[in-house]
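Geometric and topological summary
So you can see what is in the structure, the chains are spelled out below.
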Protein chains: 2
Amino acid sequence: MTAPTRRERLREATVSEIKTGARKLLVTGGVEAVSLRAIARDMGMTAPAIYRYFPSLEALVTALAGDLYDELRMRLEAARDGTGDDPVAQLSAMSRAFRAWSVAHPAEFGLIFGAPAPGLDGFVDDCTDPDHPGARFGAVFVQPLIDLWHRSPFPTPPRELIERHLGGRLEPLRQSHGEVPIEVAWAFLSGWTRLWGLVAMEVFHQMDWAVTDPEALFELELTTFAAQLAPRP
Amino acid sequence: MTAPTRRERLREATVSEIKTGARKLLVTGGVEAVSLRAIARDMGMTAPAIYRYFPSLEALVTALAGDLYDELRMRLEAARDGTGDDPVAQLSAMSRAFRAWSVAHPAEFGLIFGAPAPGLDGFVDDCTDPDHPGARFGAVFVQPLIDLWHRSPFPTPPRELIERHLGGRLEPLRQSHGEVPIEVAWAFLSGWTRLWGLVAMEVFHQMDWAVTDPEALFELELTTFAAQLAPRP
DNA sequence: TGCAATAGTTAACGGCGTTCACTCAAATGA
DNA sequence: TCATTTGAGTGAACGCCGTTAACTATTGCA
């Protein structure tokens, strides 16, 4: 581990300048506005120069997506750490932070959570690797659920029903977290799906036709979902 | 209302040939593979000719999206009509049909339910119009829920909680269906969000890292959700 | 028969990703 | 110190793309 040379520092700076330019284009014009020529133009360079840093536009977008996962994950961790040690409160804070970031950054949300561009399939497929930014992100929700389960088990569908449907099909999830009770695995999947669906529908404007204040619906759903995590009677 | 002239018939045929070509490209290469030049090439035409039928590529894609909404809605209606008159059974059948179509047509799903392309914002915004294909689609789920509610009310969050959060914010939904009890409006939003989220996560490969058999998870969620629609004890 | 509308063409403009051959400055090593 | 290698960046080119403009040929109708 040696100190970075001058060249490495310059290179690093250029890489992040490219990413910054790409993100600016992403925000202002959507993913299809991200072009090597536009990035280079904004940097006072020519497009082929970027190939010294990324092998293709697609690779650049993939790298950007990874950064966005990390940024979002850190927001959630901050929200969690800024809350007491009640798992339900932590999960609520994380859910609000997730929605807040997503609503504030719709283009970025669309990039990492929307329909995968044909070329990005490789990126999302590799999510099986626990070091993948996407997997690291998802994992943030698992630990509080495990804590909550051990503290006061919440109601779930009957264990044998979960077993029957998901029995051997959760290896990926369990591998990344060691001992995950199957009820917790179910709760994670069910809860993350609901959270993601609610936020994605808002960000993608899929419920404008029915609701004028998506945040109100979000808070209502969060309230009822948190109530379902209360200990069984 | 007069019979279509010969010219109108030819024009109609060309329009649908264009759409067919566009869909083929959508399926094989994703939305970004849909190009006027490729469509025209496949038809033995030149690209500018398409401008006699659609004012822009974006307009063509928007028209295609409308067709897809209609196609999907008709699948759901067929599933509903092929089931008895038990609303819960109808809703289950419709949910399965929704997942089946979506999984079988990921590119089409991505077009109508994914991140709206910057230019398509107008399309999704106009969903407020009840004649919009998207609104007509969503409406299919509402009637069975109303029937069910009148037959045997299902458990919901306390009415005053719904009122407080969603009180005046459901005009669009209520306008399109006249008398919709607020509990039904909540159930629709909550249920549709869960269904959409679950299917979208599968189609967008957002849960490959955790689950190997998405259909199993879907059936489990469907089972538990249907159970929640049982009459209150 | 003649006129107007329609469907199609070619050519062109500017933008895009990407490749190739090239230049020039910076780091390296004898 | 000086030659050499490495790396960053340029400009031209290829083949895509959407879109516009000017133009031609055909169809339908009065």
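What you see is a predicted model, and the numbers here were worked out from it, not measured in a lab. (Residues numbered from 1 in each chain as written. Chains lettered and ligands numbered in written order. Predicted model: local features only at pLDDT ≥ 70, side-chain atom pairs only at ≥ 80, totals over all residues. Heavy atoms only, no water.)

**With respect to the domain arrangement of chain A**
Where interface size is quoted, it is often the accessible area lost as the parts come together. Residue and element names in this part refer to chain A. Test applied: For each domain, the first and last residues come from an automatic or database assignment. Pairs of residues are marked as contacts when any of their non-hydrogen atoms sit within 4.5 Å. By convention, the term buried area covers the 1.4 Å-probe accessible surface removed from two parts as they join, with the contributions of both added. Note on definitions: salt bridges are taken to be side-chain nitrogens of Lys or Arg within 4 Å of carboxyl oxygens of Asp or Glu. For the purposes of these results, a polar contact is taken to be a pair of N or O atoms within 3.5 Å, where, inside protein, one atom must be able to donate a hydrogen and its partner to accept one; residues adjacent in sequence count only when each atom of the pair is a side-chain atom.
According to the domain assignment, chain A consists of domain 1 (1-54) and domain 2 (66-228). Between the C-alpha centres of domain 1 and domain 2 the distance comes to 31 Å. Contacts between the two partners involve five residues from domain 1, matched on the other side by seven residues from domain 2. Between domain 1 and domain 2, the buried area comes to about 490 Å², and carbon and sulfur atoms account for 54% of it. On the surface where domain 1 and domain 2 come into contact, there are three salt bridges. With a shortest N-O distance of 3.0 Å, Asp-67 and Lys-19 are connected by a salt bridge. Applying the counting rule to domain 1 against domain 2 returns three residue pairs in polar contact (both at pLDDT 80 or more).

**Some points on unusual backbone geometry**
For the record, the criterion: For every residue, the accessible area (1.4 Å probe, protein chains only) is compared with the maximum for its type, and the residue is labelled buried under 20%, exposed over 50%, or partly exposed between those bounds.
At His205(B), a position not held by glycine, the phi torsion is positive, near 60°. On the basis of relative accessibility, which here comes to 30%, the residue His205(B) falls in the partly exposed class.

**Digging into the protein's contact with DNA strand C**
Threshold: Throughout, near means a residue has at least one heavy atom within 4 Å of the molecule or strand. Labels follow the DSSP assignment, with helices taken as runs of H or I lasting at least four residues and strands as runs of E lasting at least two, numbered in each case from the N terminus. Residues are grouped as follows: nonpolar covers Ala, Val, Leu, Ile, Met, Phe, Trp, Tyr, Cys and Pro; charged covers Asp, Glu, Lys and Arg; every other residue, Gly included, is treated as polar.
The immediate surroundings of DNA strand C are formed by 21 residues, with Arg37(A), Tyr51(A), Thr46(B), Arg52(B) and Tyr53(B) found nearest. Sugar and phosphate atoms represent 55% of those atoms of DNA strand C found within 4 Å of the protein. Between DNA strand C and Arg52(B), the relevant distance is 2.4 Å, taken from a base oxygen to a side-chain nitrogen or oxygen of the residue. Of all the secondary-structure elements, those providing two or more residues to the surface near DNA strand C are helix 1 (6-29) and helix 2 (36-43) of chain A together with helix 1 (6-29) of chain B. By residue number, the principal contributor to the surface near DNA strand C is helix 2 of chain A, which donates three residues. Considering only residue class, the surface near DNA strand C consists of 10 nonpolar, three polar and eight charged.

**So, the protein's contact with DNA strand D**
If you check the shell around DNA strand D, you find 22 residues, and the closest are Arg52(A), Tyr53(A), Leu36(B), Arg37(B) and Tyr51(B). Per the 4 Å cut-off to the protein, sugar and phosphate atoms form 53% of the nearby atoms of DNA strand D. A distance of 3.1 Å is found between a phosphate oxygen of DNA strand D and a side-chain nitrogen or oxygen belonging to Ser35(B). Contact distances for DNA strand D include 2.6 Å between a phosphate oxygen and a side-chain N or O atom of Tyr51(B). At the level of elements, helix 1 of chain A together with helix 1 and helix 2 (36-43) of chain B are the ones that each hand at least two residues to the surface near DNA strand D. No other element matches helix 2 of chain B, which puts four residues into the surface near DNA strand D. Looking at side-chain class alone, the surface near DNA strand D contains 10 nonpolar, four polar and eight charged residues.

**Overview of the relation of the copies chain B and chain A**
Using the following cut-off: A residue counts toward the fit only if its pLDDT is at least 70 in both copies, and the copies are then superposed by least squares on the C-alpha atoms of those residues.
It takes a turn of 180° to lay chain B on chain A, together with a shift of 0.0 Å along the axis; the resulting RMSD is 0.1 Å. What the rotation and shift describe, once combined, is the action of a two-fold rotation axis. Relative to the rotation axis, the C-alpha of Gly197(B) is the closest in chain B, positioned 1.9 Å from it. Most of the interface of chain B is mirrored in chain A, where 100% of its interface residues again form contacts.

**Observations regarding the layout of surface pockets**
The cut-off we apply is this: Here a cavity is any set of points on a 1 Å grid over the protein atoms alone where a 1.4 Å probe fits but cannot get out, and a pocket is any open set with protein on both sides within 12 Å along at least 5 of 7 lines; a residue lines the site when it has an atom within 4 Å of a point. Grid points are joined across faces, edges and corners, and a volume is the space filled by probe spheres set on the points.
In this structure, the second largest pocket encloses a volume near 660 Å³. Lining the second largest pocket are 27 residues, and of these Arg194(A), Gln228(A), Arg194(B), Thr224(B) and Gln228(B) lie nearest its centre. Only helix 10 (182-203) and helix 11 (214-228) of chain A together with helix 10 (182-203) and helix 11 (214-228) of chain B provide two or more residues apiece to the lining of the second largest pocket. Here the lining of the second largest pocket gets five residues from one element, more than from any other, and that element is helix 10 of chain A. When grouped by side-chain class, the residues that make up the lining of the second largest pocket number 16 nonpolar, nine polar and two charged.

**Digging into the interface of chain B and chain A**
On the side of chain A, 55 residues touch chain B, which itself brings 55 residues to the contact. Regarding the contact of chain B and chain A, the summed buried area is about 4,800 Å², with carbon and sulfur atoms giving 70% of it. Counting across the interface, chain B meets chain A through five residue pairs in polar contact (both at pLDDT 80 or more). Among the secondary structure elements, those contributing two or more residues to the side of chain B that touches chain A are helix 5 (106-113), helix 6 (121-125), helix 7 (133-151), helix 8 (159-166), helix 9 (171-177), helix 10 and helix 11 of chain B. Examining the composition of the side of chain B that touches chain A, we find that 12 residues originate from one element, helix 10 of chain B, more than from any other. Here the side of chain B that touches chain A is built from residues that sort into 31 nonpolar, 15 polar and nine charged.

**Concerning the environment of Asp208(A)**
Topologically, Asp208(A) is positioned in the loop between helix 10 and helix 11. For the pair Asp208(A) and Leu25(A), spaced 183 residues apart in sequence, the C-alpha separation works out to 26 Å.

**Overview of the pattern of salt bridges**
All names here are of chain A. In total, this model carries 24 salt bridges over all chains according to the counting rule given. Residues Arg-99 and Glu-202 are paired through a salt bridge, measuring 3.0 Å at the closest nitrogen-oxygen approach. Taken as a pair, Arg-99 in helix 4 (residues 87-104) and Glu-202 in helix 10 lie far apart in primary sequence, 103 residues in all. Its relative accessible area of 12% is what places Glu-202 among the buried residues. Glu-221 serves as the salt-bridge partner of Arg-194, at 3.6 Å between the closest nitrogen and oxygen.

**Quick word on helix 11 of chain A**
What counts is decided by this rule: Take the residue count of a helix, subtract one, and multiply by 1.5 Å to get its expected span.
The end-to-end C-alpha separation of helix 11 of chain A is 21 Å, in line with the 21 Å expected for 15 residues at 1.5 Å each. Those residues of helix 11 of chain A that fall on the buried side of the exposure criterion are Pro214(A), Ala216(A), Leu217(A), Phe218(A), Glu219(A), Leu220(A), Glu221(A), Leu222(A) and Thr224(A). Of the surrounding secondary structure, the elements contacted by the buried residues of helix 11 of chain A are helix 4 and helix 10 of chain A together with helix 8 and helix 10 of chain B.

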